[in-house]
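Chains, contacts and geometry: an overview
What follows is the residue order along each chain.
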Amino acid sequence: MHKISKEKLQSKSKVGIILRPSTPEIKENYFIIKHCFEKHNIEVFLERSSASMIDEDGYDLDMICDTVDFFASIGGDGTLISVVRRTFKSNKPVLGINLGNLGFLTDLKIADLDNFLDNLETDNYRIDSRMIIKGSTNIKKFFAFNDIVISRKSLSSMIKIDAKIDGKPFNSYFGDGVIISTPNGSTAYNLSVGGPLVYPLTDVFIVTPVAPHSLTQRPLVLPADFEIEFTVSDNQGAVVIVDGQDIYEVEHNQSVKIQIASKKGKLIHRKTRNYFQVLNEKLQWGK
Ligand SMILES: NC(=O)c1ccc[n+]([C@@H]2O[C@H](COP(=O)([O-])OP(=O)(O)OC[C@H]3O[C@@H](n4cnc5c(N)ncnc54)[C@H](O)[C@@H]3O)[C@@H](O)[C@H]2O)c1
Ligand SMILES: Nc1ncnc2c1ncn2[C@@H]1O[C@H](COP(=O)(O)OP(=O)(O)OP(=O)(O)O)[C@@H](O)[C@H]1O
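As the structure is a prediction and not an experimental result, all values here were calculated from the model.

Surveying the vicinity of ligand 2 reveals 13 residues, the closest of which are R20, G76, D77, T79 and Q245. Between an oxygen atom of ligand 2 and a main-chain N or O atom of D77, the distance comes to 2.8 Å. With respect to ligand 2, the side chain of T79 contributes an N or O atom lying 2.5 Å from an oxygen atom. Computed on the free molecule, ligand 2 has an accessible area of 610 Å², of which 62% lies beneath the protein chains in the complex.

Moving on, we get to the sheet that holds strand β13 (residues 204-210). With antiparallel pairing, the six strands of this open sheet are ordered in space as β14-β13-β12-β9-β16-β17. Pairing within the sheet leaves two strands with one partner each, and these edge strands are β14 (220-223) and β17 (246-250). Mean inter-strand twist for the sheet, computed between neighbouring axes without regard to direction, equals 20°. With five bridges connecting them, strand β12 (residues 177-181) and β13 associate as antiparallel partners. Residue pairing for β13: I180 is matched across the bridge by V207.

With respect to the helices and strands, the residue K27 is situated in helix α1 (residues 27-39). Judged by relative accessible area, K27 falls into the partly exposed class, the value being 30%. Each C-alpha atom of the pair K27 and S50 lies 9.7 Å from the other, and the pair is 23 residues apart in sequence. The contacts of K27, once residues within four sequence positions are left out, are I54, D55 and E56.

Let's shift gears to the pairing of strand β2 (residues 43-46). By the bridge criterion, four bridges tie strand β1 (residues 14-19) to β2 in an arrangement that is parallel. Bridge pairing in β2 links K14 to E43. Assessed by its sense of winding, the connection that carries the chain from β1 through α1 to β2 is right-handed.

The domain architecture assigned to the chain consists of domain 1 (14-131 + 264-282) and domain 2 (133-260). For domain 1 and domain 2, the distance between their C-alpha centroids amounts to 29 Å. The partner domain 2 presents 23 residues to the 19 residues of domain 1 that form the contact. Interface area for domain 1 against domain 2, summed over the two sides, is near 1700 Å², with a carbon-plus-sulfur share of 65%. Area buried by domain 1 at its contact with domain 2 is led by R85, M131 and Y275, which between them contribute 46% of it. Here domain 1 and domain 2 share three salt bridges between them. Note that D203 is salt-bridged to K264, the shortest N-O span being 2.6 Å. At the junction of domain 1 and domain 2, the tally comes to seven residue pairs in polar contact (both at pLDDT 80 or more).

Calculation notes
- Residues numbered from 1 in each chain as written.
- Chains lettered and ligands numbered in written order.
- Predicted model: local features only at pLDDT ≥ 70, side-chain atom pairs only at ≥ 80, totals over all residues.
- Heavy atoms only, no water.
- Near = heavy atom within 4 Å.
- Polar contact = N/O pair within 3.5 Å; in protein donor to acceptor, adjacent residues only side chain to side chain.
- Areas by Shrake-Rupley, 256 points an atom, 1.4 Å probe, with all protein chains shown as cover.
- Pairing = 2+ DSSP bridges.
- Helix = DSSP H or I, 4+ residues; strand = E, 2+ residues; numbered from the N terminus.
- Axes fitted to C-alpha atoms, helices over the stretch in contact; angles between N-to-C directions.
- Buried < 20%, exposed > 50% of the residue type's maximum accessible area, 1.4 Å probe, protein only.
- Contact = heavy atoms within 4.5 Å.
- Right-handed = clockwise from strand over helix to strand, strands pointing away.
- Domains from an automatic or database assignment.
- Buried area = accessible area lost by both parts, 1.4 Å probe.
- Salt bridge = Lys/Arg side-chain N within 4 Å of Asp/Glu carboxyl O.

Structure representation (structure tokens):
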């Protein structure tokens, strides 16, 4: 049987909050959530750019990372992903409060928060540690909670990407690109292009071609202690997209190395949350 983590919050008295960007109308919900935390004696530290979006005062993220016991993201899955990417090095776990649509990663609704915090002292939560991947080129390093996508630049032509494992060539991908996904990201873009679903508390890379020209190309699941390297062998170069949120250009012959990051992304979930039930509901299996 798979053992879930026994990790607990050391203290539950300070929370850092980050809001979904470009949505100042979130202000009313922010104050409802802030008052709910304060009612439970949890001091709130609102991150500076979130604060300026709603005309409030805020704090630098680095200072918040050093100060708080945990983070709360207010938004959808995209906001939670970005909060994990920006804070995971501090080892502080993140509670996703869902204002979005799908809520695959963010399971707590505003209406559930008061009750959840009421029972926090009775350990009604768990902390799931999920793999993060580190990508690097000769000039840049980036971290992904879901996926790193190496994609063609031009809509009208295919791209060729040569791949190596631990320095040894293993494949050349012709097509629209390649997704390197974490198990957490396996239910995102990877799923849409026919990649496998992988239980999120495992450590593996999922390498899934996007619209491969050769029908023999298949998604691959690789141990996370490998280093995999992708070299763009296309005159036009390519783009690297990190969690659908950051985009970098890579030149012809430039390589992108992928490794497991040394730290994990940590999500706070209700103890009763069941991954397979979430899969079943969100993907409407059996309907
Ligand atoms: N064709 C596609 O399916 C496609 C294309 C581009 C990007 N994406 C995914 O979008 C992700 C970024 O998500 P976003 O919310 O910031 O962008 P977004 O707002 O464009 O939403 C993408 C959708 O994917 C869902 N999602 C995100 N991460 C998920 C996960 N781990 N499991 C299940 N569903 C998930 C979101 O809830 C949302 O419904 C990228 O990491 C990439 O995997 C998917
Ligand atoms: N810090 C960030 N930097 C760049 N983009 C971000 C950031 N935070 C969130 N986003 C993007 O903002 C968009 C909307 O955010 P979010 O996904 O949280 O809301 P949603 O679309 O309503 O919910 P869901 O994704 O759960 O359906 C997403 O495309 C997400 O990637």
